[in-house]
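The chain contents come next:
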Amino acid sequence: MYVVFLGAPGAGKGTQAAVVAKKLNLAHIATGDLFRQAIEKGTALGTQAKSYMEKGMLVPDKITIQMVLDRLLAPDCVAGVILDGFPRNLEQAKALDEALVTRNKTIDKVVYIKVSEQELLKRLGGRWICRSCQAPYHATDSPPRVWGKCDKCGGELYQRADDTAETVKKRLEVYFAQTAPLIDYYTKVGKLAEVEGEGGIEAVSTRIVSALKGKLKAR
Ligand code: AP5
Ligand code: MG
Ligand code: ZN
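Per chain, residue numbering runs from 1 following the sequence as it is written. All chains are assigned letters beginning at A, and all ligands numbers beginning at 1, according to the order in which they are written. In keeping with the predicted nature of the model, local features appear solely for residues at pLDDT of at least 70, side-chain atom pairs appear and are counted solely at 80 or more, and the whole-chain, interface and lining totals rest on all residues. Computation of side-chain values covers all heavy atoms of the structure but excludes hydrogens and water.

Draft legend 1. Highlighting the site of ligand 1. Lining the immediate environment of ligand 1, one finds 35 residues, of which Thr15, Met57, Arg88, Arg127 and Arg171 sit closest. For this analysis, a polar contact is any N or O atom pair within 3.5 Å, provided that within protein one partner can donate a hydrogen and the other can accept it, and provided that sequence-adjacent residues contribute only side-chain to side-chain pairs. Side-chain polar atom of Thr15 to an oxygen atom of ligand 1: 2.5 Å apart, as the coordinates give it. Separating a nitrogen atom of ligand 1 from a backbone N or O atom of Gly199 is a distance of 2.8 Å. Accessible surface is estimated by sampling points in the Shrake-Rupley manner with a 1.4 Å probe; for residues, cover comes only from the protein chains shown. Burial of ligand 1 by the surrounding chains reaches 96%, relative to a free accessible area of 1000 Å². When we say a residue is near a molecule or strand, we mean one of its heavy atoms is within 4 Å of it.

Here is the structure:
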C-alpha cells in the first residue's frame, strides 16, 4: 500500500506517519527528515537543500523527486510506504504517478490532515525535534519524559531553524500556493481522505487508520 500524508506545516504529518507506519507495518519516508539528516551529515544533498529550507522555500523538484524515487527502491518499501511531505506541488505529484506506473504501482490513498491555522502556529511554536531520529515533541502538548532528551533514542532535542515566526509565515504561503492544490488533484481521482487533525495524537491516528481500513481489507 502506498499512502501520501498531505497537510500544512505543523498539521502532524510526521507525528502521525510514525504512529501509523508502526501500526500498519509500512515504511515512513519524510522528505524534510531526509534533507535534515543530509544537512547534519554535511553531504552534497544537504548543502543543496539547506539554503531553500532556511528560507521556507521548496527544494528544487529535480533534487527532491530523484531522492524520493531512489529511496522507494529500498527493501523496506516492499510492503508499502507512507510518504510524509511529498509530493508537495503538481510537478512532484505527476512525476510520482509516472514513475509508479513504470514500477507497476500506484498511490492507494492520500490522507489530508486538516488543522486550523491557529493550531498550526501553536504547534510549530512549541515544537522540539530529535537530532538523531527526528521524532517530534511539543513543549506543552507532547513533552519528552526527560526535558531535552528523546524518549525513543536518547538523542538531543532542538528547535528547527525554519520554525521561527518569519519562516513559518513563508512556509504557510508556500503551502497554500503550491501544495494545497494537490487536495483537488487527488480528490478528482477519488483518492483523497480528509481527516480532522485536531484532538489528541491517539484520536487522530485512530481516524487515519479507519480512513485506510477499506484499502487494507481490499488487499
Ligand atoms: P517538512 O519537514 O516536511 O516540514 P513541513 O511540511 O513544514 O511540516 P512539518 O514537519 O513542519 O509539520 P508536520 O506536519 O510533520 O507536523 P509534526 O508532526 O512535526 O519540510 C521542511 C522543508 O524541507 C520545507 O520547507 C522544504 O524546504 C523542504 N522540503 C520537504 N519536503 C519537500 C518537497 N517534497 N519538495 C521540496 N522541498 C521539500 O507536528 C508539529 C508539532 O505539533 C509537534 O510539536 C508535535 O509534537 C505537535 N503535535 C502533533 N500532533 C499533535 C496533536 N494531535 N495535538 C497536539 N500537538 C500535536
Ligand atoms: Mg514533519
Ligand atoms: Zn530520537
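Draft legend 2. Spatial organisation of the pattern of salt bridges. The salt bridge criterion pairs a side-chain nitrogen of Lys or Arg with a carboxyl oxygen of Asp or Glu, the two atoms within 4 Å. Under the counting rule described, the total for this entry stands at 14 salt bridges. Where Lys23 meets Glu202, a salt bridge forms, and the shortest distance between an N and an O atom there is 3.7 Å. Pair noted here: Lys23 is in helix H1 (residues 13-24) and Glu202 is in helix H9 (residues 201-218), with a separation of 179 residues, a long-range link. Between Asp162 and Arg171 there is a salt bridge, with the nearest N and O atoms lying 3.7 Å from each other. As far as burial versus exposure is concerned, Asp162 and Arg171 are alike and both buried. Secondary structure elements are defined from DSSP: runs of H or I of at least 4 residues count as helices, runs of E of at least 2 residues count as strands, and each element is numbered from the N terminus. Residue burial is assigned from relative accessible area. The probe radius is 1.4 Å, only protein chains are included, and a residue is buried under 20% of its type maximum, exposed over 50%, and partly exposed in between.

Draft legend 3. View of the sheet that holds strand S4 (residues 109-114). In short, DSSP must find at least two bridges between two strands for them to pair. Taken together, five strands build an open sheet; the order of strands is S2-S3-S1-S4-S8 and the sheet is parallel. Of all the strands in the sheet, the pair left with one neighbour each is strand S2 (27-30) and strand S8 (192-196). Here the strands of the sheet are splayed against their neighbours by 20° on average, with no regard to which way each runs. In terms of strand pairing, strand S1 (residues 2-6) meets strand S3 (residues 81-84) through four bridges, oriented parallel. Counterpart to Val4 in the pairing with S3 is Leu83. Along the sheet face, helix H2 (residues 31-41) touches S2 and S3 and points at about 70° away from the line of S2. Strand contacts of helix H8 (residues 181-188): S1, S4 and S8, with the helix running at about 130° to S8, the strand carrying the most contacts. For helices, the fitted line uses only the C-alpha atoms of the stretch in contact; every axis is such a line through C-alpha atoms, and the angle between N-to-C directions lies from 0 to 180 degrees. Only heavy atoms matter for contacts: two residues are in contact if any of them lie within 4.5 Å across the pair.

Draft legend 4. Spatial organisation of the environment of Ser116. Here Ser116 is to be found in the loop between S4 and helix H6 (117-125). As a C-alpha pair, Ser116 and Glu196 span 80 residues in sequence and 9.7 Å in three-dimensional space.

Draft legend 5. Local environment of the sheet that holds strand S7 (residues 157-158). Read across the open sheet, the three strands follow the order S6-S5-S7; overall the sheet is antiparallel. Edge strands, defined here as strands with exactly one partner in the open sheet, are strand S6 (136-138) and S7. As paired elements, strand S5 (residues 127-130) and S7 share two bridges and run antiparallel to each other. Bridge pairing in S7 places Ile129 opposite Tyr158.

Everything listed here is a matter of geometry and, on its own, says nothing about what the molecule does.
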